[in-house]
Amino acid sequence: MDRSVILLVGGTGNLGGRIARHLAAHGLGFRALVRPSTDPGELRTLAAEIVRGDLRDATSLRPAVEGIETVISCA
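Starting from 1, residues in each chain are numbered consecutively following that chain's sequence as written. Owing to the predicted nature of the model, reporting of local features is limited to residues with pLDDT of at least 70; listing and counting of side-chain atom pairs is limited to 80 or more, with chain, interface and lining totals taken over all residues. Note that the side-chain values use all heavy atoms of the structure and ignore hydrogens as well as water.

**Student:** Would you take a moment to explain the side chain of S60 for this structure?
**Tutor:** Its place among the elements puts S60 in helix α3 (residues 58-65). Residue contacts for S60: discarding those within four places in its chain leaves R52, G53 and D54. Secondary structure elements are defined from DSSP: runs of H or I of at least 4 residues count as helices, runs of E of at least 2 residues count as strands, and each element is numbered from the N terminus. Contact definition: two residues touch when any of their heavy atoms are within 4.5 Å.

**Student:** For this particular structure, what's the right way to read the sheet that holds strand β4 (residues 70-73)?
**Tutor:** Two strands in a sheet stick together by hydrogen bonds in their backbones, pointing the same way (parallel) or opposite ways (antiparallel). Here the rule is simple: two strands pair whenever DSSP picks up at least two bridges between them. In spatial order, the strands read β3-β2-β1-β4; together these four strands make up an open sheet with parallel pairing. Each having just a single partner strand, β3 (49-52) and β4 make up the two edges of the open sheet. Direction aside, neighbouring strands of the sheet carry axes that sit 25° apart on average. Bridge count between strand β1 (residues 6-9) and β4: four bridges; the pairing is parallel. Residue pairing for β4: L7 is matched across the bridge by V71. Here helix α1 (residues 14-25) sits on the sheet and contacts β1 and β4; the angle it forms with β1, its principal contact strand, is near 155°. Strand contacts of α3: β1, β2 (31-34) and β3, with the helix running at about 165° to β2, the strand carrying the most contacts. Only the stretch in contact is used when fitting a helix axis, every axis being a line fitted to C-alpha atoms; angles between N-to-C directions are given from 0 to 180 degrees.

From the geometry alone we can't say anything about function, so treat these as descriptive.
Okay, here's the thing in structure tokens:
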């Protein structure tokens, strides 16, 4: 899979979900950072990739930010 250049943080929330749908509707592939204990829900079908991690754990963010040029944070 080609790596996305956009990382969406907080995509399971209300605002983040609207942004995820907007990105997908415009053909913009994105990677979504989702906490390990959170159900990604609709992001499963919208995001090019789901990466599990937590903003409070820097080590878990490394795979999420690899190759990323833009971060959209709704967290």
